[in-house]
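Below are the chains, spelled out letter by letter.
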Amino acid sequence: MDSSQAFGLAHLWAQSDTIIRSVGVILLVMSITSWYLILTRALRQLRARRHGEAIERFWHAADLDAGLKLLNEAAPDSPFEALAQQGAAAAQHVRRHTHDDTLGSTLDADEVITRALRKSIALSTAALESGLTVLASIGSTAPFVGLFGTVWGIYHALVNISVSGMATLDKVAGPVGEALIMTAFGLFVAIPAVLAYNAITRANRLELSELDAFAHDLHAWFSTGARIAAVTPRAASQQDAALRITSASPASSHGAA
């Protein structure tokens, strides 16, 4: 009982050198950083669940100003609000300067709005992907950092055993087992980071697809004054069938003639 209590994390830290302690501090910093990113992104995803309702409130608003106000109240500082604000600013800029006798008056309004929406999506994409590189780096390097600590710990333990001249099993198992703790620490840091990276990447992909769809609807609204109506799968199949019938009608009438 006393011999088992003589070995452990506290004994490893007390008997370790500067390298082992540095590895432990590095893994601790990695763990704190990854969990900070995980928690902040988790809170953001909880707030992002209200974006769908905010978009519907935007489209049911009386006018553009009322829709932007509702979007600001329901989803403040969101990529969807930034996209709508950027599109509205571009449309207002086009209306303000197209009648002037300047070079800007020759620009296509549709192209100006498209570029503004693309710029907003690019900025939102960069904001959504912030921190993912750190998570990926931690998830891929933490096991090797822990393995390096284990290898160095085993080497340090074997050197001490060779100096003492006591190479019995009980003298070898304790220091080697302590050194293996560093590998466990590396896995403890890496596994949450990898799982969080995959989950955040999937959530970002879904949000960017919704943002892209919102951008298409905004572009259609600014260009034509109306949102593109959603097409159900049944209606889409009926339209495809009508198109096939229409395309086959001239050949049928020609054959009958």
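Coordinates for the structure precede this section.
Criteria and thresholds
Residues numbered from 1 in each chain as written. Predicted model: local features only at pLDDT ≥ 70, side-chain atom pairs only at ≥ 80, totals over all residues. Heavy atoms only, no water. Helix = DSSP H or I, 4+ residues; strand = E, 2+ residues; numbered from the N terminus. Buried < 20%, exposed > 50% of the residue type's maximum accessible area, 1.4 Å probe, protein only. Contact = heavy atoms within 4.5 Å.

**Examining the overall build of the chain**
Across its full length, the chain carries 10 helices and 0 strands. Written out in order from the N terminus, the α and β elements of the chain read α-α-α-α-α-α-α-α-α-α. Looking at the chain residue by residue over its 257 residues, the buried ones come to 31%. Sequence separation of at least 24 residues holds for 79% of the intrachain contacts in the chain that already meet a minimum separation of 6.

**Here we look at the environment of Leu37**
Examined against the element boundaries, Leu37 turns out to sit in helix α3 (residues 18-48). Accessibility expressed as a relative area gives 16% for Leu37, which makes it buried. Placed 93 residues apart in sequence, Leu37 and Ser130 show a C-alpha to C-alpha distance of 9.6 Å. Once residues lying within four places of it in the same chain are set aside, the contact partners of Leu37 are Gly131, Val134 and Leu135.

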